[in-house]
Amino acid sequence: MKKIIFLIHAIFLSACSSTLIDYSTSTYIVRQGDTLTAIAWFYNTTTAELIRCNDFRNPNDIYVGQRIDIRCNVRTSGVVLEDEEIIDTPAPVEVAVSLPSQTTPLQSNAWIKPVTGSIVRAYNQGTILSNGIEITSPDSKVVAVQSGRVVYIGRDIIGYRNLILIEHLDNTISAYGFLNNINTSLGMSVNQGEEIGSAGMLSNRQRGIYFEIRRNGGSINPRQIISEL
């Protein structure tokens, strides 16, 4: 049984893009726990673009089963029923996640490392998760690299395992994957250096995390922002 599971996992990874997301899709079906910010992050776009494409009056009011356009050239917003019929103005059946309205903490000038340790897989290295880096760490403590707000918490996410997304100013989001434990909650404001979780196990069997920074929907090399890396 374990061998079968391993083979299925290997086949899946071999067919995946650099971030394990199918960017060829034009729409996304909202699942429990989703936020609009997280959907934008997974598809290399911005919340502003999703709001524009879907004419959202209140972007926090997304609900499970809702069909969201990833690109503006497709107009299929609605809820998916068992027969795949799309209704333009359905009554919300189950709210995904609405983020509380909070003020994002002020950012300090310099960004810091998320963990103590060294980079073992560089930005744009390899074919899987090449939009970020992997950092080994002798210390399990994972901290926020900059002040911001937690906009997504995902557990057992394919490719990322336990994952935290923190939104900062200037349309910038930091991502922390391969976590062992998560010590924060959705919608919470965090300060730079505040502990948000603990490092898990990397593919090389060393303790560490996967780390990524995106700005305006595109990934950037973390070393361009964090001089300590």
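For clarity, every value in this text was computed on a predicted model and none was experimentally measured. (Residues numbered from 1 in each chain as written. Predicted model: local features only at pLDDT ≥ 70, side-chain atom pairs only at ≥ 80, totals over all residues. Heavy atoms only, no water.)

*Asks:* I'm lost on the overall build of the chain in this one. Help?
*Replies:* Of the regular secondary structure elements, the chain holds three helices and 14 strands. The 229 residues of the chain split such that 47% are buried. Long-range pairs, those at least 24 residues apart, make up 60% of the contacts in the chain with a sequence separation of at least 6. Of the roughly 11700 Å² that the chain leaves accessible, carbon and sulfur atoms contribute 51%. (Helix = DSSP H or I, 4+ residues; strand = E, 2+ residues; numbered from the N terminus. Buried < 20%, exposed > 50% of the residue type's maximum accessible area, 1.4 Å probe, protein only. Contact = heavy atoms within 4.5 Å. Areas by Shrake-Rupley, 256 points an atom, 1.4 Å probe, with all protein chains shown as cover.)

*Asks:* How do you make sense of helix H3 (residues 47-54) when you look at a structure like this?
*Replies:* Each α-helix winds once per 3.6 residues, and so residues spaced three or four apart point in a common direction. Here H3 has its buried residues at Leu50, Cys53 and Asn54. For H3, the arc enclosing every buried residue in end-on projection is 85°, short of the 170-degree limit, so these residues lie on one face. Seen from the buried face of H3, the exposed residues on the opposite side, beyond 90 degrees, are Ala48 and Arg52. Next to the buried residues of H3 lie helix H2 (36-42) and strand S2 (66-69). Once H3 finishes, Asp55 follows within two positions and takes phi at roughly 55°, a positive value. (Arc of directions from axis to C-beta.)

*Asks:* Help me out: how do you make sense of the environment of Ile39 in this one?
*Replies:* Following the sequence through the fold, Ile39 ends up in helix H2. For the pair Ile39 and Ile68, spaced 29 residues apart in the sequence, the C-alpha separation amounts to 9.3 Å.

*Asks:* Looking at this model, I keep getting lost on the pattern of salt bridges. Mind explaining?
*Replies:* If charged atoms from side chains of opposite charge come close, those side chains can pair. Inspection of every chain in the model, using the stated rule, returns three salt bridges. Put simply, Arg52 and Glu49 hold a salt bridge, and the shortest N to O gap is 2.8 Å. Remark: Glu49 and Arg52 occur in helix H3; sequence separation between them is three residues, near one turn of the helix. (Salt bridge = Lys/Arg side-chain N within 4 Å of Asp/Glu carboxyl O.)

*Asks:* What is the right way to read the nonpolar core from this model?
*Replies:* Soluble globular proteins: nonpolar side chains tend toward being buried together. With 26 residues, the main nonpolar core has Ile39, Trp41, Phe42, Ile68, Tyr160, Leu163 and Leu165 as its most contacted residues. Of all the elements in the fold, those that place two or more residues in this core are H2, strand S8 (148-157), strand S9 (161-168) and strand S10 (172-182). When residues no more than four places from it in sequence are discounted, the contact partners of Ile39 are Tyr28, Val30, Asp34, Leu50, Ile62, Ile68 and Ile70. Listed in part, the 25 residues of the second largest apolar core include Val150, Ile166, Ile225 and Leu229. (Core = buried A, V, L, I, M, F, W, Y, C linked by side-chain atoms within 4.5 Å.)

*Asks:* Explain the pairing of S9 to me, please; I cannot follow it from the model alone.
*Replies:* The side chains of a regular strand alternate, residue by residue, between the two faces of the sheet. Among the eight residues that make up S9, six are buried, leaving the element largely enclosed by the rest of the structure. Summarising the sheet, S8 and S9 pair through six bridges and their orientation is antiparallel. Across the sheet, residue Gly154 finds its bridge partner in S9, namely Leu163. Hairpin geometry of S9 and S10 is characterised by an intervening segment of three residues between the two adjacent antiparallel strands and by a positive phi of about 65° at Asp170. (Pairing = 2+ DSSP bridges.)

*Asks:* Help me out: how do you make sense of the confidence of the model for the chain in this one?
*Replies:* Regions with low pLDDT carry predicted coordinates that are not meant to be interpreted in detail. When pLDDT is averaged across the chain, the result is 80; 74% of the residues are at 70 or more. Mean pLDDT across the elements of the chain ranges from a minimum in strand S4 (residues 86-87), with 32, to a maximum in strand S7 (residues 141-143), with 97. Predicted confidence for residues 2-17 stays below pLDDT 50, and this span has seven contacts to residues more than four positions away or in other chains. pLDDT under 50 marks residues 74-95. Its contacts with residues more than four places away, or in other chains, come to 49 contacts. (pLDDT = per-residue confidence, 0-100.)

*Asks:* What is the right way to look at the packing of aromatic side chains in this model?
*Replies:* To describe a pair of aromatic rings, you give the distance between the ring centres and the angle between the ring planes. Within this structure, the stated rule accounts for eight aromatic pairs. A centroid spacing of 6.0 Å and a plane angle of 70° characterise the contact between Phe42 and Tyr160, whose relative ring orientation is edge-to-face. One end of the pair, Phe42, is in helix H2; the other, Tyr160, is in the loop between S8 and S9, with 118 residues separating them in the sequence. Residue Phe42 shares its accessibility class with Tyr160, and that shared class is buried. Between Tyr160 and Tyr210, the aromatic rings sit 5.8 Å apart at their centres with planes inclined by 65°, giving edge-to-face as the arrangement. Taken together, the residues Tyr160 in the loop between S8 and S9 and Tyr210 in strand S13 (residues 207-215) connect sequence positions 50 residues apart. You can call Tyr160 buried: its relative accessible area is 1%. (Phe/Tyr/Trp six-rings, centres within 6.5 Å; stacked < 30°, edge-to-face > 60°.)

*Asks:* Sorry, what's going on with unusual backbone geometry here?
*Replies:* A negative phi holds for most residues other than glycine; trans holds for most peptide bonds. The backbone of Asp55 sits at a positive phi, close to 55°, despite the residue not being glycine. Considering the arrangement of structural elements, one finds Asp55 in the loop between H3 and S2. Residue Asp170 is not a glycine yet carries a positive backbone phi of 65°. Position of Asp170 among the secondary structure elements: in the loop between S9 and S10. Classification of Asp170 by relative accessible area gives exposed; the value is 57%.

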